[in-house]
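# Geometric and topological summary
This is what each chain is made of:
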Amino acid sequence: QVQLAESGGGLVQPGGSLGLSCSASGSTVRFDTMGWFRQAPGKEREFVATTRRSGGTYYAESARGRFTISRDNAENTVYLQMNSLNPEDTAVYYCAANINRLITSSVRNPQMYSYWGQGTQVTVSS
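Every value quoted in this text rests on a predicted model; they were computed, and no experiment measured them.

Glancing now at the overall build of the chain. Counting its regular elements, the chain contains zero helices and 11 strands. Beginning at the N terminus, the succession of helices and strands in the chain can be written as β-β-β-β-β-β-β-β-β-β-β. For 126 residues, the compact-globule formula gives about 14 Å, and the C-alpha radius of gyration of the chain, at 14 Å, lands near that figure. When its C-alpha atoms are laid out on the principal axes, the chain stretches across 40 × 30 × 25 Å. The buried share of the chain, taken over its 126 residues, is 45%.

Take a look at the structure:
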């Protein structure tokens, strides 16, 4: 059974940086699309960034220019480097993955991802 596990969350001051990682274990399955979503208290889960095995990347407008998604295909691992963090970035960050390639119009839809991690808390506060 495939499991996704996030790590790297924590408390950071406004303007600071934080790196998240997500590794898949339990199977030799290869994911095509891997990405990150986040959910703040009282809000819906929202898209942050995603990347395809072929290298295509997509970002939410709120993440563009501040966050960088990358992956290690051999290790089935996806990373999210977050810079210039602000309190609005406070949320639980979830790793999501799908075995099949998601078309461009679907990458921002959480319902299109079949595998999810448990989430890691990111808090931006002084």
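Under the definition given, this model contains one disulfide. C22 shares a disulfide with C95; S-S distance 2.1 Å. One disulfide, between C22 and C95, carries an S-S torsion of -80 degrees and so falls in the left-handed class. Placement of the pair is C22 in strand β3 (residues 18-25) and C95 in strand β9 (residues 91-98), with a sequence separation of 73 residues. For the pair formed by C22 and C95, the shared burial category is buried.

Glancing now at the side chain of S106. Inspection of the secondary structure assignment puts S106 in the loop between β9 and β10 (115-116). Each residue touching S106, except ones within four places of it in the same chain, is listed here: M112 and Y113.

Here we have four strands laid out as an open sheet, ordered β1-β3-β8-β7, and antiparallel in their pairing. With one partner strand each, in any of the chains shown, β1 (3-7) and β7 (67-72) form the two edges of the open sheet. Each strand axis lies, on average, 15 degrees off the axis of its neighbour in the sheet, ignoring direction. Pairing analysis gives five bridges linking β1 to β3, with the strands arranged antiparallel. Each residue of the ladder has a partner; that of S7, found in β3, is S21.

This part covers the packing of aromatic side chains. Summed over all chains, the structure comprises six aromatic pairs. On the basis of an interplanar angle of 65 degrees and a centroid distance of 5.3 Å, the ring pair of F31 and Y115 is categorised as edge-to-face. Of this pair, F31 sits in the loop between β3 and β4 (33-39) while Y115 sits in strand β10; the two residues are 84 residues apart in sequence, bridging distant segments of the chain. Exposure remark for F31: the relative accessible area of 0% places this residue in the buried category. For Y115, a relative accessible area of 26% corresponds to the partly exposed category. Look at F37 and Y113: their rings are 5.2 Å apart centre to centre, the planes differ by 75 degrees, and that puts the pair in the edge-to-face class. Taken together, the residues F37 in strand β4 and Y113 in the loop between β9 and β10 connect sequence positions 76 residues apart. Owing to a relative accessible area of 0%, F37 belongs among the buried residues under this scheme. A network of ring pairs unites the aromatic residues F37, F47, Y94, Y113 and W116 as a single cluster.

The rules we used
- Residues numbered from 1 in each chain as written.
- Predicted model: local features only at pLDDT ≥ 70, side-chain atom pairs only at ≥ 80, totals over all residues.
- Heavy atoms only, no water.
- Helix = DSSP H or I, 4+ residues; strand = E, 2+ residues; numbered from the N terminus.
- Rg over C-alpha atoms; globule rule 2.2 N^0.38 Å.
- Buried < 20%, exposed > 50% of the residue type's maximum accessible area, 1.4 Å probe, protein only.
- Disulfide = S-S within 2.5 Å.
- Contact = heavy atoms within 4.5 Å.
- Pairing = 2+ DSSP bridges.
- Axes fitted to C-alpha atoms, helices over the stretch in contact; angles between N-to-C directions.
- Phe/Tyr/Trp six-rings, centres within 6.5 Å; stacked < 30°, edge-to-face > 60°.

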